[in-house]
Amino acid sequence: MTASLLGIYVWAIGLIAWFIIRYPYARKARKTATVKAVGWSRERILLAIATIGLVVVPVIWLASGWPAALNYQLNYASVVAGALVYVLSLWLFRRSHKDLGRQWSASLEIRDSHQIVRGGVYRLIRHPMYSSFWLWGLAQAFLLPNAMAALSGLVAIAILFFTRIDHEERMLTEAFGDDYRTYMRETKRIIPGIY
């Protein structure tokens, strides 16, 4: 098996794992009432952009081969690096959901009985779910042998993150006041000790 084909298989298995991880948490979260939601239209657009970059563009490339001019050969070192980053991404993705429990939502929402989660991975960073998405985009860049499909995930996550993060932190500050401000001083956004 070529490294390029192996990279595609690893990417596809990771995508399936992502859906398997998210499904039970999404089901549970729907049962918890939402007290406040922010920017519903903007949220739908941003989530659509993330889906396009992480799923749709790669699937179109896999199904059609377009744009073939941007194809290249992977080496096994790239596939191993991508697989390791993907495993870390999926672990962090699952851990973030587990630590949040019913407070998780795909869009910016405050849930009934919402509290600031400070345990698990949230003791190190405030937004580990975004960290997992950045890692997913990076893994995709290592695993897919087409420049457009490989980089579309990182571009999509950058748009999602940099458009959304200030709105999210403002919403949480409004909901939790000084308690959230203290938490912000104690933690970094997505990279422990750095940012």
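Read on for a plain summary of the structure. (Residues numbered from 1 in each chain as written. Predicted model: local features only at pLDDT ≥ 70, side-chain atom pairs only at ≥ 80, totals over all residues. Heavy atoms only, no water.)

1. As for the side chain of Q140
Along the polypeptide, Q140 turns up in helix 4 (residues 128–143). Look past the residues within four positions of Q140 in its chain and what remains in contact with it is W11, G53, L54, P58, A149, A150, S152 and G153. (Helix = DSSP H or I, 4+ residues; strand = E, 2+ residues; numbered from the N terminus. Contact = heavy atoms within 4.5 Å.)

2. Topic: the packing of aromatic side chains
Applying the stated criterion across every chain, the model contains twelve aromatic pairs. Aromatic side chains W18 and F19 sit 4.8 Å apart centroid to centroid with 90° between the ring planes, which places their arrangement in the edge-to-face category. A relative accessible area of 11% means that W18 is categorised as buried. With relative accessibility at 46%, the residue F19 sits in the partly exposed group. Between W18 and F93, the ring centres sit 5.2 Å apart and the planes meet at 25°, which makes this aromatic pair stacked. Residue W18 is located in helix 1 (residues 3–30), and its partner F93 is located in helix 3 (residues 76–100); the two are separated by 75 residues in the primary sequence. For the pair formed by W18 and F93, the shared burial category is buried. By the ring-pair criterion, three or more aromatic residues cluster together here, those being W18, F19, F93, F133 and W136. (Phe/Tyr/Trp six-rings, centres within 6.5 Å; stacked < 30°, edge-to-face > 60°. Buried < 20%, exposed > 50% of the residue type's maximum accessible area, 1.4 Å probe, protein only.)

3. Considerations on the nonpolar core
Residues W11, Y86, Y130, F133, W136, L143 and L144 are the most contacted members of the largest nonpolar core, which totals 49 residues. Among the secondary structure elements, those contributing two or more residues to this core are helix 1, helix 2 (40–64), helix 3, helix 4, helix 5 (147–176) and helix 6 (178–186). Residue contributions to this core peak at nine residues, all from helix 1. (Core = buried A, V, L, I, M, F, W, Y, C linked by side-chain atoms within 4.5 Å.)

4. Observations regarding helix 3
If you check helix 3, its first and last C-alpha atoms are 36 Å apart, about what 25 residues at 1.5 Å a residue would give, namely 36 Å. The residue sitting at the N-terminus of helix 3 and contributing the capping side-chain oxygen is N75; that oxygen lies 3.1 Å from the backbone nitrogen of A77. A positive backbone phi angle near 60° is found at G101, which sits one or two residues after helix 3. (Expected span 1.5 Å × (residues − 1). Polar contact = N/O pair within 3.5 Å; in protein donor to acceptor, adjacent residues only side chain to side chain.)

5. Concerning the pattern of salt bridges
Considering all chains together, one arrives at seven salt bridges under this definition. A salt bridge links R164 to E43, with the shortest nitrogen-to-oxygen separation between them at 2.4 Å. Of this pair, R164 sits in helix 5 while E43 sits in helix 2, and the two are 121 residues apart along the sequence. By the burial criterion, R164 is buried, and E43 matches it. A salt bridge links R189 to E169, with the nearest nitrogen and oxygen atoms 3.1 Å apart. (Salt bridge = Lys/Arg side-chain N within 4 Å of Asp/Glu carboxyl O.)

Limitation: the analysis is restricted to geometry and does not speak to function.
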